[in-house]
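# Architecture at a glance
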Amino acid sequence: LDREFCLSLTGTSNCRPSGFSGRINSLQRQSIFRMQSDTLHLLWGPPGTGKTHTVGVSVAEHLHNRKTCLLLSTSNAAVDEIVRASARASGADAHKRIFRAGATADKEIQPYTSIGLLERRAPEKAVLIKRAEQRLKEITANLPALLKADANGAIFSEMQGCKDTLKALALDAKEFSESLMAESPCVAATLASLVLNPALNEREFDVVYIDEASMVS
């Protein structure tokens with residue numbers, strides 16, 4: 001059976017959920033109440049029983065109660081599923097609370113990555129990045145034809161300009177990502193990212209969720 005751990009580092013036993021949204025049955029509701037109060041909670045069940053949805057509602061409740069959350073799993077796909085469930089349960093303010101560390105190909109989850117959040121919070125920088133990347137691709141794809149029409153080598157100067165722009169913006173994006181890692185109320189990442197990222201593994205969270213905990217060695 002798949003297992004998921006919810007570990008409350010605060011050890012509080014008197015927290016009470018303020019109310020849940022979405023479709024949850026009585027067993028899921030009971031699990032959510034337990035995850036809000038237990039120091040250590042094990043959620044288990046066969047596939048398709050709504051474990052991830054239950055965790056998502058519990059995460060949203062913790063965030064509503066101003067608890068910081070760390071969401072972990074062994075794979076990027078599993079991390080994306082936790083983020084999806086947590087974001088849907090959190091509603092319109094999800095992008096203000098949830099940060100998905102690393103990259104993802106899932107378009108629904110991309111708005112919660114550093115690039116997605118940068119597009120929302122600093123759109124002018126995101127536009128510059130996309131513009132430079134697009135121009136660099138155009139030049140690279142059409143380089144032979146462009147060189148024939150370019151007697152002075154201006155195209156190479158333009159290419160270098162695009163690369164310099166991307167390099168400078170990459171530093172800004174890295175600093176932004178580190179700030180998200182340190183300050184976001186909820187951070188979702190793979191266990192490998194937790195080990196390799198000092199900004200993440202040195203931070204303390206109120207609650208830690210471990211998805212597919214039986215696969216962790």
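Reading the values: rules and limits
- Residues numbered from 1 in each chain as written.
- Predicted model: local features only at pLDDT ≥ 70, side-chain atom pairs only at ≥ 80, totals over all residues.
- Heavy atoms only, no water.
- Core = buried A, V, L, I, M, F, W, Y, C linked by side-chain atoms within 4.5 Å.
- Buried < 20%, exposed > 50% of the residue type's maximum accessible area, 1.4 Å probe, protein only.
- Helix = DSSP H or I, 4+ residues; strand = E, 2+ residues; numbered from the N terminus.
- Contact = heavy atoms within 4.5 Å.
- Pairing = 2+ DSSP bridges.

Nonpolar side chains tend to gather and get buried jointly when the protein is soluble and globular. Counting residues in each nonpolar core, the largest one holds 25 residues, and the members touching the most others are Leu70, Phe99, Leu118, Met181, Val187 and Leu200. Elements represented by at least two residues in this core include exactly strand 3 (69-73), helix 5 (114-121), helix 6 (123-141), helix 8 (154-183) and strand 5 (186-190). In terms of residue count, the dominant contributor to this core is helix 8 (nine residues). Setting aside residues up to four positions removed in sequence, Phe99 forms contacts with Tyr112, Thr113, Ser114, Leu117, Ser177, Leu180, Met181, Ser184, Cys186, Val187 and Ala188. With 19 residues, the next largest nonpolar core counts Met35, Leu63, Leu71 and Ile98 among its residues.

In this structure, Ile115 sits in helix 5. C-alpha of Ile115 to C-alpha of Lys174: the two residues are 59 residues apart in sequence and 9.8 Å apart in space.

In this section: the pairing of strand 5. The buried fraction of strand 5 amounts to five of the five residues, a majority that puts the element mostly inside the structure. What you see with strand 5 is no split at all: Cys186, Ala188 and Thr190 on one side and Val187 and Ala189 on the other are buried throughout. Both strand 3 and strand 5 contribute to a ladder of five bridges, which runs parallel. Among the inter-strand pairings, Leu72 is bridged to a residue of strand 5, identified as Ala189. The sheet contact formed by strand 4 (residues 98-100) and strand 5 spans three bridges and is parallel. Its bridge partner being in strand 5, Ile98 is matched across the sheet by Cys186.

Geometric descriptors of this kind do not, in isolation, establish any biological role.
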